[in-house]
Amino acid sequence: MIDEILKKFDGAFAENTMRAYRSDFIQFELWSRSKGKEPIPTDAETLAQYVDEMSLTLRSATIRRRIASLCSIFKLSRNPDPTNDPEVILALKRMHRRIGRAQEQAAPLTRDILEQMLATCDGSLIGQRNRVMLLLGYETMRRRSEICDFKFEDAITLPNKQTAIRLNFSKTDQYGEGKVIPISRELYDTILNWKESIAATGGYILRRINRHGQAGDHLSPSSISKLLKEIQQHAFQNIERELSGHSFRVGAALDLLNDGYGLEKIMLRGGWRTESTALRYLRTWSEI
């Protein structure tokens, strides 16, 4: 069922969005069939029951995302959309009162942690790739998929001799208006050295390294968190909280805040459109 529906969405949404839609609908479909019901069309009573049962095991952010995905699927496939029915809204309110709205924030990868992790990156291809990944993630403050989408051609020198990298698409720029992000000369040179080391003529900057120590095709976003945890384990004996793909954004934003930058500048660098979203990243850690 979902395959037929998503065919109509093809090309209109980012791959990550499509992947989330598919996953969230499949979860609802499995639950619905376990209750002897069809997932489409559905009604408010069924959806409210779904929210109530999810609140027993899932986090509120996951539940909100699943309902938002279903809302989009129902609307865009021209099926009845009960997600804004009072019964569903009341179920979400019950869920928030039961488990809260708080969302666990990623551990921040701040400048001091970055330096200690960079110190573990040797001259091997894995070490060089990891150094590029660390600097690229921290300086650009981008999401995992966006970090993996950077290409060698995107690293540029501006007329004023400032080094930068082009971001062609992002979660908040689905139509490719693009932006230029300033990067340090250190990162720019590191990218060029990495390009020479793997004899690349262009293409994706971040590459996977196979078991024979050879650079392969581009690194998948899901590998970022895994690599961060591996580097973290080499850099520190005691680990209180493991890093994840979002740690770049949280850590760099905190460093900007501590360096005296205003919220508007931080939002611009991190690509956040609303103050509430940026503050959610900062509030948890800035008060510690």
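Structure first, text after, so check above.
Residues numbered from 1 in each chain as written. Predicted model: local features only at pLDDT ≥ 70, side-chain atom pairs only at ≥ 80, totals over all residues. Heavy atoms only, no water.

### Points about the nonpolar core
Then, number 1: In this structure, L134, I191, I205, L206 and L228 are the most contacted members of the largest nonpolar core, which totals 49 residues.
Then, number 2: Contact partners of L134, with chain neighbours within four places excluded, come to L109, L114, M117, L118, C121, L228, I231 and F248.
Then, number 3: Listed in part, the 25 residues of the second largest apolar core include I2, M18, I40 and M54. (Core = buried A, V, L, I, M, F, W, Y, C linked by side-chain atoms within 4.5 Å. Buried < 20%, exposed > 50% of the residue type's maximum accessible area, 1.4 Å probe, protein only. Contact = heavy atoms within 4.5 Å.)

### Considerations on the side chain of S32
Then, number 1: In this fold, S32 is placed in helix α2 (residues 15-34).
Then, number 2: Assessed through its relative accessible area of 0%, S32 is described here as buried. (Helix = DSSP H or I, 4+ residues; strand = E, 2+ residues; numbered from the N terminus.)

### Side note on the state of the cysteines
Then, number 1: Under the defined criterion, the tally for this structure stands at zero disulfides.
Then, number 2: Here C148 stays free of any disulfide, with the sulfur of C121 as its closest cysteine sulfur at 16 Å.
Then, number 3: Overall, the relative accessible area of 1% leaves C148 in the buried class. (Disulfide = S-S within 2.5 Å.)

### Observations regarding helix α7 (residues 125-140)
Then, number 1: Relative to the 22 Å expected for 16 residues at 1.5 Å per residue, α7 spans 22 Å between its end C-alpha atoms, a close match to the ideal helical length.
Then, number 2: When you tally the buried positions in α7, you get 12 out of 16 residues, the bulk of the element.
Then, number 3: Taken together, the buried positions of α7 are occupied by G127, R129, N130, V132, M133, L134, L135, L136, G137, Y138, E139 and T140.
Then, number 4: Once α7 finishes, M141 follows within two positions and takes phi at roughly 60 degrees, a positive value. (Expected span 1.5 Å × (residues − 1).)

### Overview of the packing of aromatic side chains
Then, number 1: Scanning all chains against the criterion turns up four aromatic pairs.
Then, number 2: Here the aromatic rings of F28 and W31 are separated by 6.2 Å at their centres, their planes lie at 20 degrees, and the arrangement is stacked. With F28 and W31 both in helix α2, this residue pair falls three residues apart, about one helical turn. Across the pair, exposure class does not vary: F28 and W31 are buried alike.
Then, number 3: One aromatic cluster is present, built from ring pairs that chain together F28, W31, Y50 and F74.
Then, number 4: Cation over ring: K151 sits above Y204, and NZ or CZ is 5.1 Å from the ring centre. (Phe/Tyr/Trp six-rings, centres within 6.5 Å; stacked < 30°, edge-to-face > 60°. Lys NZ or Arg CZ within 6 Å of the ring centre and 35° of its normal.)

### Re the pattern of salt bridges
Then, number 1: Taken as a whole, this structure holds 12 salt bridges when the rule is applied.
Then, number 2: The shortest N-O distance in the salt bridge between D52 and R94 comes to 3.0 Å. Of this pair, D52 sits in helix α3 (residues 44-54) while R94 sits in helix α5 (residues 86-99); the two residues are 42 residues apart in sequence, bridging distant segments of the chain.
Then, number 3: Its relative accessible area of 23% is what places D52 among the partly exposed residues.
Then, number 4: Linking E146 and R142 is a salt bridge whose minimum nitrogen-to-oxygen distance equals 3.1 Å.
Then, number 5: Assessed through its relative accessible area of 4%, E146 is described here as buried.
Then, number 6: Through salt bridges with shared partners, a single ionic network connects E29, R33 and E38. (Salt bridge = Lys/Arg side-chain N within 4 Å of Asp/Glu carboxyl O.)

### Concerning α3
Working note: α-helix, 3.6 residues per turn, so residues spaced by three or four point in the same direction.
Then, number 1: Of all the positions in α3, only A44, T46, L47, A48, Y50, V51 and M54 are classed as buried.
Then, number 2: Where the residues of α3 are buried, they touch α2, α4 (60-76) and α5.
Then, number 3: In this structure D43 caps α3, since a side-chain oxygen of it lies 3.3 Å from the backbone nitrogen of E45. (Polar contact = N/O pair within 3.5 Å; in protein donor to acceptor, adjacent residues only side chain to side chain.)

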